[in-house]
Amino acid sequence: MIYLKTDEEIEILRENNLLVSATLAEVGRHVKAGVSTLELDRIAEEFIRSHGAEPSFLGYEGYPNTLCVSVNEQIVHGIPSAKTILKDGDIVSVDCGTFMKGFCGDSAYTFAVGQISSEWEKLLNVTKEALYKGVAQAKAGNRIGDIGNAVQEHAEKHGYSVVRELVGHGLGRKMHEDPQVPNYGARGRGPLLKKGMVICIEPMINMGSREVVFERDGWTVRTRDHKPAAHFEFAVAITEHGGPDVLTDFGIIERALKN
Ligand code: MF3
Ligand code: CO
(Lines give C-alpha, C1' and ligand atoms only; values in the text may rest on other atoms or scores of the structure.)
(Ligands and ions follow the chains in the order given, each with its own letter.)
Protein backbone atom coordinates (compact mmCIF):
# COMPACT_ATOMS: atom_id res chain seq x y z
CA MET A 1 0.00 0.00 0.00
CA ILE A 2 1.53 3.29 -1.14
CA TYR A 3 0.77 6.26 1.14
CA LEU A 4 0.63 9.59 -0.65
CA LYS A 5 1.83 12.55 1.44
CA THR A 6 0.29 15.99 1.78
CA ASP A 7 2.42 19.09 1.19
CA GLU A 8 2.63 19.57 4.98
CA GLU A 9 3.83 16.01 5.47
CA ILE A 10 6.43 16.47 2.73
CA GLU A 11 7.78 19.50 4.61
CA ILE A 12 8.24 17.36 7.74
CA LEU A 13 9.96 14.72 5.63
CA ARG A 14 12.19 17.48 4.24
CA GLU A 15 13.08 18.61 7.76
CA ASN A 16 14.04 15.06 8.65
CA ASN A 17 16.12 14.54 5.53
CA LEU A 18 17.90 17.88 5.93
CA LEU A 19 18.76 16.83 9.47
CA VAL A 20 20.12 13.55 8.09
CA SER A 21 22.17 15.56 5.57
CA ALA A 22 23.53 17.81 8.33
CA THR A 23 24.36 14.73 10.39
CA LEU A 24 26.21 13.17 7.45
CA ALA A 25 28.11 16.45 7.01
CA GLU A 26 29.11 16.36 10.68
CA VAL A 27 30.16 12.71 10.37
CA GLY A 28 32.03 13.50 7.14
CA ARG A 29 34.18 16.07 8.96
CA HIS A 30 35.33 13.26 11.25
CA VAL A 31 36.01 10.66 8.55
CA LYS A 32 39.79 10.36 8.87
CA ALA A 33 42.39 7.62 9.18
CA GLY A 34 42.53 6.36 12.77
CA VAL A 35 38.87 7.01 13.62
CA SER A 36 36.70 4.02 14.56
CA THR A 37 33.31 3.55 12.98
CA LEU A 38 31.81 3.50 16.49
CA GLU A 39 33.14 7.03 17.09
CA LEU A 40 31.28 8.16 13.96
CA ASP A 41 28.16 6.51 15.33
CA ARG A 42 28.45 8.40 18.64
CA ILE A 43 28.89 11.71 16.82
CA ALA A 44 25.78 11.04 14.74
CA GLU A 45 23.62 9.97 17.68
CA GLU A 46 24.59 13.02 19.71
CA PHE A 47 23.98 15.33 16.73
CA ILE A 48 20.55 13.89 15.96
CA ARG A 49 19.35 13.98 19.58
CA SER A 50 20.64 17.52 20.10
CA HIS A 51 18.42 18.57 17.19
CA GLY A 52 15.29 17.14 18.79
CA ALA A 53 15.05 13.98 16.72
CA GLU A 54 15.64 10.29 17.30
CA PRO A 55 17.94 7.94 15.39
CA SER A 56 15.47 5.78 13.46
CA PHE A 57 17.82 2.85 12.82
CA LEU A 58 18.50 2.27 16.53
CA GLY A 59 16.28 -0.66 17.56
CA TYR A 60 14.85 -1.11 14.05
CA GLU A 61 14.35 -4.88 13.83
CA GLY A 62 16.90 -5.04 16.64
CA TYR A 63 19.57 -2.98 14.84
CA PRO A 64 22.06 -1.87 17.55
CA ASN A 65 23.25 1.57 16.33
CA THR A 66 22.44 4.99 14.87
CA LEU A 67 24.43 4.55 11.65
CA CYS A 68 25.21 1.79 9.23
CA VAL A 69 28.90 2.20 8.38
CA SER A 70 30.16 -0.02 5.57
CA VAL A 71 33.84 -0.03 4.62
CA ASN A 72 35.27 -1.06 1.20
CA GLU A 73 33.90 -4.53 0.35
CA GLN A 74 31.02 -3.98 2.78
CA ILE A 75 28.07 -2.73 0.73
CA VAL A 76 25.53 -1.74 3.39
CA HIS A 77 24.40 -2.37 6.98
CA GLY A 78 27.90 -2.52 8.48
CA ILE A 79 27.62 -2.33 12.28
CA PRO A 80 29.76 0.39 13.88
CA SER A 81 32.56 -1.03 15.99
CA ALA A 82 35.44 0.25 18.11
CA LYS A 83 37.53 -2.36 16.33
CA THR A 84 36.88 -1.03 12.84
CA ILE A 85 39.45 1.73 12.37
CA LEU A 86 39.39 3.73 9.15
CA LYS A 87 42.64 3.91 7.19
CA ASP A 88 43.92 6.03 4.37
CA GLY A 89 42.56 4.83 1.03
CA ASP A 90 39.33 3.30 2.40
CA ILE A 91 35.87 4.21 1.19
CA VAL A 92 33.09 4.26 3.75
CA SER A 93 29.33 4.31 3.19
CA VAL A 94 27.52 6.07 6.04
CA ASP A 95 23.76 5.48 6.10
CA CYS A 96 21.71 7.51 8.56
CA GLY A 97 18.06 7.84 9.56
CA THR A 98 16.04 10.13 11.80
CA PHE A 99 12.55 10.19 13.27
CA MET A 100 10.93 13.51 14.19
CA LYS A 101 7.36 14.87 14.18
CA GLY A 102 5.99 11.48 13.17
CA PHE A 103 8.09 11.02 10.02
CA CYS A 104 11.44 9.57 8.95
CA GLY A 105 14.59 10.75 7.21
CA ASP A 106 16.92 8.30 5.44
CA SER A 107 19.99 9.07 3.31
CA ALA A 108 23.49 7.76 2.72
CA TYR A 109 26.82 9.04 1.41
CA THR A 110 30.07 7.23 0.62
CA PHE A 111 33.14 9.09 1.84
CA ALA A 112 36.78 8.72 0.86
CA VAL A 113 39.25 8.35 3.74
CA GLY A 114 42.28 10.52 2.94
CA GLN A 115 43.65 9.83 -0.53
CA ILE A 116 41.94 7.04 -2.46
CA SER A 117 42.97 5.44 -5.75
CA SER A 118 41.62 6.97 -8.95
CA GLU A 119 39.94 3.64 -9.68
CA TRP A 120 37.94 3.84 -6.44
CA GLU A 121 37.26 7.53 -6.92
CA LYS A 122 35.64 6.64 -10.22
CA LEU A 123 33.39 4.07 -8.50
CA LEU A 124 32.18 6.79 -6.11
CA ASN A 125 31.58 9.28 -8.91
CA VAL A 126 29.74 6.82 -11.16
CA THR A 127 27.53 5.61 -8.30
CA LYS A 128 26.59 9.18 -7.40
CA GLU A 129 25.92 9.95 -11.08
CA ALA A 130 23.76 6.80 -11.29
CA LEU A 131 21.74 8.10 -8.34
CA TYR A 132 21.26 11.46 -10.09
CA LYS A 133 20.20 9.69 -13.32
CA GLY A 134 17.64 7.73 -11.31
CA VAL A 135 16.40 10.85 -9.54
CA ALA A 136 15.88 12.59 -12.91
CA GLN A 137 13.28 9.88 -13.70
CA ALA A 138 11.37 10.47 -10.45
CA LYS A 139 8.47 12.41 -11.88
CA ALA A 140 4.72 11.94 -12.09
CA GLY A 141 3.69 9.75 -15.02
CA ASN A 142 6.92 7.74 -15.05
CA ARG A 143 7.16 4.31 -13.47
CA ILE A 144 9.46 2.80 -10.86
CA GLY A 145 11.19 0.80 -13.61
CA ASP A 146 12.30 4.03 -15.30
CA ILE A 147 14.35 4.85 -12.21
CA GLY A 148 15.99 1.45 -11.91
CA ASN A 149 16.68 1.33 -15.61
CA ALA A 150 18.49 4.68 -15.56
CA VAL A 151 20.60 3.66 -12.55
CA GLN A 152 21.49 0.28 -14.02
CA GLU A 153 22.32 1.63 -17.46
CA HIS A 154 24.77 4.17 -16.05
CA ALA A 155 26.49 1.71 -13.69
CA GLU A 156 26.83 -1.05 -16.27
CA LYS A 157 28.06 1.36 -18.93
CA HIS A 158 31.11 1.83 -16.72
CA GLY A 159 31.59 -1.90 -16.20
CA TYR A 160 30.15 -2.02 -12.70
CA SER A 161 27.33 -4.19 -11.38
CA VAL A 162 24.08 -3.50 -9.55
CA VAL A 163 23.17 -5.26 -6.31
CA ARG A 164 19.78 -6.99 -6.61
CA GLU A 165 19.17 -8.26 -3.08
CA LEU A 166 18.56 -4.80 -1.59
CA VAL A 167 16.42 -2.00 -2.99
CA GLY A 168 15.19 1.51 -2.27
CA HIS A 169 11.76 2.09 -0.78
CA GLY A 170 8.93 4.46 0.07
CA LEU A 171 9.58 6.78 3.02
CA GLY A 172 7.04 8.25 5.42
CA ARG A 173 5.85 7.52 8.95
CA LYS A 174 7.78 4.28 8.50
CA MET A 175 11.31 3.99 7.15
CA HIS A 176 10.35 1.25 4.72
CA GLU A 177 7.08 1.76 2.91
CA ASP A 178 5.86 0.63 -0.49
CA PRO A 179 6.86 0.77 -3.25
CA GLN A 180 10.16 -1.04 -3.50
CA VAL A 181 12.61 0.91 -5.66
CA PRO A 182 15.07 -1.46 -7.38
CA ASN A 183 18.26 -0.11 -8.90
CA TYR A 184 17.70 -2.21 -12.01
CA GLY A 185 14.76 -2.88 -14.28
CA ALA A 186 12.92 -2.11 -17.46
CA ARG A 187 11.60 1.21 -18.65
CA GLY A 188 7.83 1.60 -18.38
CA ARG A 189 7.44 -1.19 -15.81
CA GLY A 190 6.38 -1.16 -12.19
CA PRO A 191 4.19 1.15 -10.11
CA LEU A 192 3.19 4.51 -11.58
CA LEU A 193 4.76 7.55 -9.90
CA LYS A 194 2.23 10.05 -8.56
CA LYS A 195 2.32 13.41 -6.82
CA GLY A 196 2.74 12.91 -3.08
CA MET A 197 4.84 9.77 -3.28
CA VAL A 198 8.12 9.99 -1.37
CA ILE A 199 10.77 7.41 -2.22
CA CYS A 200 14.36 6.64 -1.31
CA ILE A 201 16.59 5.88 -4.29
CA GLU A 202 19.75 4.17 -3.10
CA PRO A 203 22.02 2.55 -5.67
CA MET A 204 24.43 -0.05 -4.30
CA ILE A 205 27.04 -0.48 -7.01
CA ASN A 206 29.84 -3.06 -7.00
CA MET A 207 33.14 -2.60 -8.81
CA GLY A 208 33.25 -6.35 -9.56
CA SER A 209 30.48 -8.95 -9.67
CA ARG A 210 27.03 -8.21 -8.30
CA GLU A 211 27.00 -11.20 -5.96
CA VAL A 212 26.70 -10.49 -2.26
CA VAL A 213 27.30 -12.32 0.99
CA PHE A 214 25.19 -11.78 4.12
CA GLU A 215 27.63 -11.85 7.03
CA ARG A 216 26.92 -13.94 10.12
CA ASP A 217 26.49 -10.86 12.31
CA GLY A 218 22.97 -10.79 10.87
CA TRP A 219 23.38 -7.38 9.21
CA THR A 220 26.50 -6.69 7.17
CA VAL A 221 26.21 -7.25 3.44
CA ARG A 222 29.48 -7.47 1.48
CA THR A 223 30.63 -8.24 -2.06
CA ARG A 224 31.35 -11.92 -2.65
CA ASP A 225 34.53 -11.10 -4.60
CA HIS A 226 35.77 -8.67 -1.89
CA LYS A 227 35.99 -5.84 -4.41
CA PRO A 228 34.69 -2.46 -3.20
CA ALA A 229 31.11 -1.19 -3.41
CA ALA A 230 29.61 2.28 -3.16
CA HIS A 231 26.22 3.46 -1.90
CA PHE A 232 24.46 6.83 -2.06
CA GLU A 233 20.85 7.51 -1.02
CA PHE A 234 18.44 10.36 -1.65
CA ALA A 235 14.87 10.86 -0.44
CA VAL A 236 12.76 12.36 -3.24
CA ALA A 237 9.17 13.63 -3.40
CA ILE A 238 7.20 13.26 -6.62
CA THR A 239 5.56 16.54 -7.67
CA GLU A 240 2.69 17.12 -10.07
CA HIS A 241 4.39 19.10 -12.83
CA GLY A 242 7.77 20.23 -11.57
CA GLY A 243 10.79 17.97 -11.52
CA PRO A 244 11.80 15.70 -8.66
CA ASP A 245 11.81 17.43 -5.27
CA VAL A 246 14.97 16.12 -3.60
CA LEU A 247 14.55 16.24 0.20
CA THR A 248 18.19 15.33 0.87
CA ASP A 249 21.01 17.89 0.52
CA PHE A 250 24.42 16.56 -0.52
CA GLY A 251 25.58 20.18 -0.89
CA ILE A 252 25.93 20.60 2.86
CA ILE A 253 28.00 17.40 3.01
CA GLU A 254 30.26 18.34 0.12
CA ARG A 255 30.82 21.88 1.45
CA ALA A 256 31.78 20.40 4.82
CA LEU A 257 34.34 18.16 3.11
CA LYS A 258 36.02 21.15 1.41
CA ASN A 259 36.74 22.95 4.69
N1 MF3 B 1 18.85 2.99 5.64
C2 MF3 B 1 18.66 1.62 5.30
C3 MF3 B 1 17.79 1.67 4.11
O4 MF3 B 1 18.00 2.52 3.36
C5 MF3 B 1 18.10 0.82 6.40
C6 MF3 B 1 18.99 0.68 7.53
S7 MF3 B 1 18.70 -0.79 8.25
C8 MF3 B 1 18.70 -0.46 9.89
O9 MF3 B 1 16.88 0.99 3.87
F10 MF3 B 1 18.37 -1.53 10.48
F11 MF3 B 1 19.86 -0.04 10.22
F12 MF3 B 1 17.84 0.45 10.15
CO1 CO C 1 16.94 3.60 2.68
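A quick note: this is a predicted structure, and the numbers were derived from the prediction, not measured.

S.K.: How should I be thinking about the coordination of the cobalt ion (ligand 2) in this particular structure?
M.R.: Reference geometry at the metal: tetrahedral coordination by four donors gives ideal angles of 109.5 degrees; octahedral coordination by six donors gives 90 or 180 degrees. Within the protein, D106 (OD), H169 (NE2), E202 (OE) and E233 (OE) serve as the donor atoms for the cobalt ion (ligand 2), at 2.0 to 2.3 Å. One chain supplies every donor to the cobalt ion (ligand 2), and in sequence these donors are spaced D-x62-H-x32-E-x30-E. Here D106 is found in strand β5 (residues 103–112), whereas its partner E202 is found in the loop between β9 (198–201) and β10 (204–206), with 96 residues between them in sequence. Assessed through its relative accessible area of 7%, E202 is described here as buried.

S.K.: Looking at this model, I keep getting lost on the nonpolar core. Mind explaining?
M.R.: Residues V31, L67, V92, V94, I147 and I201 are the most contacted members of the largest nonpolar core, which totals 54 residues. In this structure, V31 is in contact with L40, L86, V92, F111, A112 and V113, ignoring residues within four places of it in sequence. The next biggest cluster of nonpolar side chains, apart from the first, holds 15 residues, and it includes I10, C68, C104 and A235.

S.K.: What am I meant to see in the pattern of salt bridges here?
M.R.: As a working rule, side chains carrying opposite charge can pair if their charged atoms are close by. Following the criterion strictly, the structure yields 13 salt bridges and no others. R49 serves as the salt-bridge partner of E45, at 2.9 Å between the closest nitrogen and oxygen. Taken as a pair, E45 and R49 lie in helix α2 (residues 37–50) at a separation of four residues, close to a single helical turn. Given a relative accessible area of 42%, R49 falls into the partly exposed group. Look at the salt bridges and you will find they share partners, linking E11, R14 and D245 into a network.

S.K.: It is not clear to me how the site of ligand 1 should be interpreted in this structure. Could you clarify?
M.R.: In the vicinity of ligand 1, 13 residues are found, and the nearest of them are F57, D95, D106, H176 and E202. Here a nitrogen atom of ligand 1 sits 2.9 Å away from a polar atom, N or O, in the side chain of D95. One of the side-chain nitrogen or oxygen atoms of D106 is found 3.0 Å away from a nitrogen atom of ligand 1. Burial of ligand 1 by the protein chains amounts to 97% of its free accessible area of 330 Å². Each residue belonging to the shell around ligand 1 can be placed in one class, and the counts come to six nonpolar, three polar and four charged.

S.K.: Please explain helix α4 (residues 144–157) as it appears in this structure.
M.R.: Residues three or four positions apart in an α-helix share a direction because the helix packs 3.6 residues into each turn. Between its terminal C-alpha atoms α4 stretches 20 Å, which fits the 20 Å expected from 14 residues at 1.5 Å a residue. Burial within α4 is extensive, with eleven of its 14 residues counted as buried. Every buried residue of α4 is listed here: I144, G145, D146, I147, G148, N149, A150, V151, Q152, H154 and A155. Buried residues in α4 make contact with α3 (118–136), β6 (161–162), β8 (177–181), β9 and β10.

S.K.: Looking at this structure, how should I read the sheet that holds strand β14 (residues 234–237)?
M.R.: Strand pairing in a sheet relies on backbone hydrogen bonds. The paired strands run either parallel or antiparallel. Reading across from one edge, β8-β7-β9-β14-β15 is the order of the five strands in this open sheet, with antiparallel pairing throughout. The sheet is open, and its two borders are formed by β8 and β15 (245–246), each paired with just one other strand. The sheet contact formed by strand β7 (residues 168–170) and β8 spans three bridges and is antiparallel. Along β8, the bridge assignment pairs G168 with V181. Across the sheet, α4 is in contact with β8 and β9; its angle to β8 comes to roughly 40°.

S.K.: I tried to follow unusual backbone geometry on my own but got confused; where do I start?
M.R.: Peptide bonds are mostly trans, and most non-glycine residues show a negative phi. Going from D178 to P179, the amide bond is cis rather than trans, its omega being 0°. Residue position: P179 is located in strand β8. Positive phi outside glycine occurs at H77, with the angle close to 65°. One can find H77 in the loop between β3 (74–76) and β4 (91–100). Exposure remark for H77: the relative accessible area of 24% places this residue in the partly exposed category. Even without being glycine, K101 reaches a positive phi, approximately 55°. Mapped onto the fold, K101 is located in the loop between β4 and β5. In this structure K101 comes out as exposed when scored by relative accessible area, which is 54%.

The rules behind each value
- Residues numbered from 1 in each chain as written.
- Chains lettered and ligands numbered in written order.
- Predicted model: local features only at pLDDT ≥ 70, side-chain atom pairs only at ≥ 80, totals over all residues.
- Heavy atoms only, no water.
- Donors = N, O, S within 2.8 Å, 3.2 Å for Na, K, Ca; no water.
- Helix = DSSP H or I, 4+ residues; strand = E, 2+ residues; numbered from the N terminus.
- Buried < 20%, exposed > 50% of the residue type's maximum accessible area, 1.4 Å probe, protein only.
- Core = buried A, V, L, I, M, F, W, Y, C linked by side-chain atoms within 4.5 Å.
- Contact = heavy atoms within 4.5 Å.
- Salt bridge = Lys/Arg side-chain N within 4 Å of Asp/Glu carboxyl O.
- Near = heavy atom within 4 Å.
- Polar contact = N/O pair within 3.5 Å; in protein donor to acceptor, adjacent residues only side chain to side chain.
- Areas by Shrake-Rupley, 256 points an atom, 1.4 Å probe, with all protein chains shown as cover.
- Nonpolar A, V, L, I, M, F, W, Y, C, P; charged D, E, K, R; others polar.
- Expected span 1.5 Å × (residues − 1).
- Pairing = 2+ DSSP bridges.
- Axes fitted to C-alpha atoms, helices over the stretch in contact; angles between N-to-C directions.

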